Amino acid sequence: MIALIKTLQVILALGILVLIHEFGHFVFAKIFGIRVDKFFLFFDAGGFRLFSTRSKWFVKICPKAAQWETEYGIGWLPLGGYCKVCGMIDESMDTEQLKGEPQPWEFRTKPAWQRLFVMAGGVLFNFILAIGVYSGILARWGEAYLSNEGKQIYVNQLASDMGFRNGDHIISFDGYIPESFWMLQADLAREMAKKATVLRDGDTLDIYIDHTMLGDVLKSPGMFDLATPFVVKEVSAESPNRDAGLMAGDRLVRMASENTEFVQDAWPVLKAHAGDTVIADIVRGADTLSVPLQVDTTGKLGIFLEQPELQRKEYSVLSAIPAGFRKTFSTIGGYLKDLKLVATPSTEAYKSVGSFIAIGQIFPSSWDWYSFLNILALLSVMLGVMNLIPIPALDGGHILFTIYEIITGRKPSDKFLYVTQIIGMVLIFALMFLAFGNDIARFFR
């Protein structure tokens, strides 16, 4: 059932993203009087399609469909979709129409600036979708995040090897001041930081980052956990320590002669003394008390602890729109930094590139609209940015050639565009091969 729910979410998200992207090309083509031969969700490889407005049964239901300029349909291969613009060399590699005399309704006869809008339309609509979705999320649910201000880290082995210590407060990475605590690890990688400035025991010091370890940063989740002091909020009525005299605000700093400055320090101690009594040192105001505490058989004390306060922002419908713009452009900036990491072989970030299998893993195992919409907006940004990469066969390649034409006044030949389209398709298939290979390797690991 979990696999089915994840699969349905992936198909729905990709369907929305492809439709919006291709609709962007479609809209600008129609605005400039360019004929669109096909508009398909998913690919109709081999000429097989699940639905087409040119099919006999549909024409019988809607006779006017036979005169429609554009064939609308759904292919069987859910790896994308396409908008076949007349007079343009695209992924269909159909060059037959280019052998005839140029027609006024064809892409190739239009001014360069109009063709530029047609090619950029898909990316533009992806970004508009992200802005709309983020604005809707903020208007409906608001925004909550854990501020990094004043927070201390609890490190794993990798962070310790890099020089970080439990209780450090990260001030900056190469001058960049992180805002969200949960983005610290991503910020470290994205900034490709050479130096981290931290506050340790009241002193400010610099930790110089070994760049050969950045690849491990991308593969080691949980480098920086939140170092949470063991501070009592409330004692449960069912707790074996309800009569131990604990008070709200008490901080447990030692148990069974072990330092337990943070909650993470206390877990292994409590587990080792499950079912026993431990002597705990408690700081209360200016006093330190020694109190015997009973550990139940599950390794717990029956105490509710104080939790860090999340920063919350509420938005009206109107205020959510500019906030949606800011969040979209912030996400674009972060993803550009991710691509820079992927393009830097020493980071080994290319090993984290994933296919639809990896995309499916990020969706929740139960249907949750908040999570789904956040992932949809993120994927829309990713699709838009990826299509801007100046590789032939991607929108970015077509945009680059069109800008070159606008600047120089010289239009690349159809043969040149055809050859570069083939090269671009080979590069894209190589990237897909890498992504599927990474997913398969992760499965076996």
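Because the structure is predicted, anything quoted here is derived from the model rather than measured. (Residues numbered from 1 in each chain as written. Predicted model: local features only at pLDDT ≥ 70, side-chain atom pairs only at ≥ 80, totals over all residues. Heavy atoms only, no water.)

A. Summary view of the sheet that holds strand 14 (residues 277-284). Strand order in the open sheet formed by 4 strands is 13-12-14-15, and the pairing between neighbours is antiparallel. Only two strands of the sheet have a single partner each, and these edge strands are strand 13 (258-259) and strand 15 (287-294). The sheet contact formed by strand 14 and strand 15 spans 8 bridges and is antiparallel. Directly across from Ile-279, in strand 15, lies its bridge partner Pro-292. (Pairing = 2+ DSSP bridges. Helix = DSSP H or I, 4+ residues; strand = E, 2+ residues; numbered from the N terminus.)

B. The arrangement of unusual backbone geometry in detail. Backbone geometry places Ala-256, a non-glycine residue, at a positive phi of 50 degrees. Positionally, Ala-256 belongs in the loop between strand 12 (251-255) and strand 13. Judged by relative accessible area, Ala-256 falls into the partly exposed class, the value being 25%. For Ser-257, which is not glycine, the phi torsion reads 65 degrees and is therefore positive. Tracing the chain through its elements places Ser-257 in the loop between strand 12 and strand 13. (Buried < 20%, exposed > 50% of the residue type's maximum accessible area, 1.4 Å probe, protein only.)

C. Representation of the pairing of strand 3 (residues 71-75). Residues Glu-71, Gly-73 and Gly-75 of strand 3 are buried on one face, while the alternating residues Tyr-72 and Ile-74, pointing to the opposite face, are not. Pairing geometry for strand 1 (residues 36-43) and strand 3, over 4 bridges, is parallel. What sits directly across from Phe-40, in strand 3, is Gly-73. In terms of strand pairing, strand 2 (residues 49-52) meets strand 3 through 3 bridges, oriented antiparallel. Bridging from a neighbouring strand, Arg-49 pairs with Gly-75 of strand 3.

D. Structural detail: the side chain of Asn-126. Positionally, Asn-126 belongs in helix 3 (residues 112-141). Owing to a relative accessible area of 0%, Asn-126 belongs among the buried residues under this scheme. Setting aside chain neighbours within four positions, we find Asn-126 in contact with Leu-17, Ile-20, His-21, Ser-380, Leu-383 and Gly-384. (Contact = heavy atoms within 4.5 Å.)

E. Structural view of a nonpolar patch on the surface. Taken together, Met-1, Leu-4, Leu-8, Leu-12, Trp-141, Trp-367, Trp-369 and Tyr-370 make up a surface patch of nonpolar side chains, about 840 Å² in accessible area. Every element with two or more residues in the nonpolar patch is listed here: helix 1 (2-31) and helix 10 (369-387). The element best represented in the nonpolar patch is helix 1, accounting for 3 residues. Here Leu-8 shows up in helix 1. Classification of Leu-8 by relative accessible area gives partly exposed; the value is 46%. (Patch = residues over 30% accessible without salt bridge, like charges linked within 9 Å, V, L, I, M, F, W, Y side chains within 5 Å. Areas by Shrake-Rupley, 256 points an atom, 1.4 Å probe, with all protein chains shown as cover. Salt bridge = Lys/Arg side-chain N within 4 Å of Asp/Glu carboxyl O.)

F. Quick peek at the environment of Asp-37. Looking at where Asp-37 falls in the secondary structure, it is placed in strand 1. Considered as a pair, Asp-37 and Tyr-72 are 35 residues apart in the sequence and their alpha carbons are 8.8 Å apart. Here the side chain of Asp-37 touches Arg-35 through a polar contact of 2.9 Å, side chain to side chain. (Polar contact = N/O pair within 3.5 Å; in protein donor to acceptor, adjacent residues only side chain to side chain.)

G. Structural view of the sheet that holds strand 8 (residues 195-200). Read from one edge to the other, the open sheet built from 3 strands follows the order 7-8-9, with strand pairing classed as antiparallel. Whereas interior strands pair on both sides, the edge strands pair on one side only; in this sheet they are strand 7 (169-173) and strand 9 (203-208). Direction aside, the axes of adjacent strands within the sheet are offset by 30 degrees on average. Where strand 7 lies against strand 8, 4 bridges are found, and the strand directions are antiparallel. Bridge pairing links Phe-173 to Ala-196 in strand 8. (Axes fitted to C-alpha atoms, helices over the stretch in contact; angles between N-to-C directions.)

H. Representation of the nonpolar core within the structure. Judged by nonpolar contacts, the single largest core of 26 residues is most densely connected at Met-162, Phe-164, Leu-188 and Phe-224. When residues of this core are traced back to their parent elements, those giving at least two are strand 6 (153-155), helix 4 (157-162), strand 7, helix 5 (184-190), strand 8, helix 6 (214-219) and strand 10 (224-226). Within the second largest apolar cluster, 21 residues are counted, among which are Phe-127, Leu-129, Ile-137 and Leu-379. (Core = buried A, V, L, I, M, F, W, Y, C linked by side-chain atoms within 4.5 Å.)

I. Here's a closer look at the confidence of the model for the chain. Averaged over all residues, the pLDDT of the chain is 86; the fraction at 70 or higher stands at 89%. When the elements of the chain are averaged for pLDDT, helix 9 (residues 356-362) gives the smallest value, 63, and strand 7 the largest, 96. (pLDDT = per-residue confidence, 0-100.)

J. Up close: the pairing of strand 9. In terms of strand pairing, strand 8 meets strand 9 through 6 bridges, oriented antiparallel. When the sheet's bridge partners are listed, Lys-195 is paired in strand 9 with Tyr-208. Counted between consecutive antiparallel strands, the loop separating strand 8 from strand 9 contains 2 residues, among which Asp-201 sits at a positive phi close to 55 degrees.

K. Region of interest: the packing of helix 3 against helix 8 (residues 317-342). Between helix 3 and helix 8, whose axes approach to 7 Å, the crossing angle comes to 130 degrees. On the basis of their axis angle, the class for helix 3 and helix 8 is oblique. Note on packing geometry: the crossing formed by helix 3 with helix 8 is right-handed. Packed against helix 3, whose contacting residues are Phe-127, Ala-130, Ile-131, Tyr-134, Ser-135, Leu-138 and Ala-139, the element helix 8 presents Val-317, Ala-320, Ile-321, Ala-323, Gly-324, Phe-325, Lys-327, Thr-328, Thr-331 and Ile-332 at the interface. Partitioning the contact of helix 3 with helix 8 into residue classes produces 12 nonpolar, 4 polar and 1 charged. (Parallel < 35°, antiparallel > 145°, perpendicular 65-115°, else oblique. Left-handed = near helix turned anticlockwise from the far one by under 90°. Nonpolar A, V, L, I, M, F, W, Y, C, P; charged D, E, K, R; others polar.)

L. Molecular detail of the side chain of Gln-185. Along the chain, Gln-185 turns up in helix 5. A polar contact of 2.7 Å, which involves the side chain of Gln-185, links it to the backbone oxygen of Val-217.

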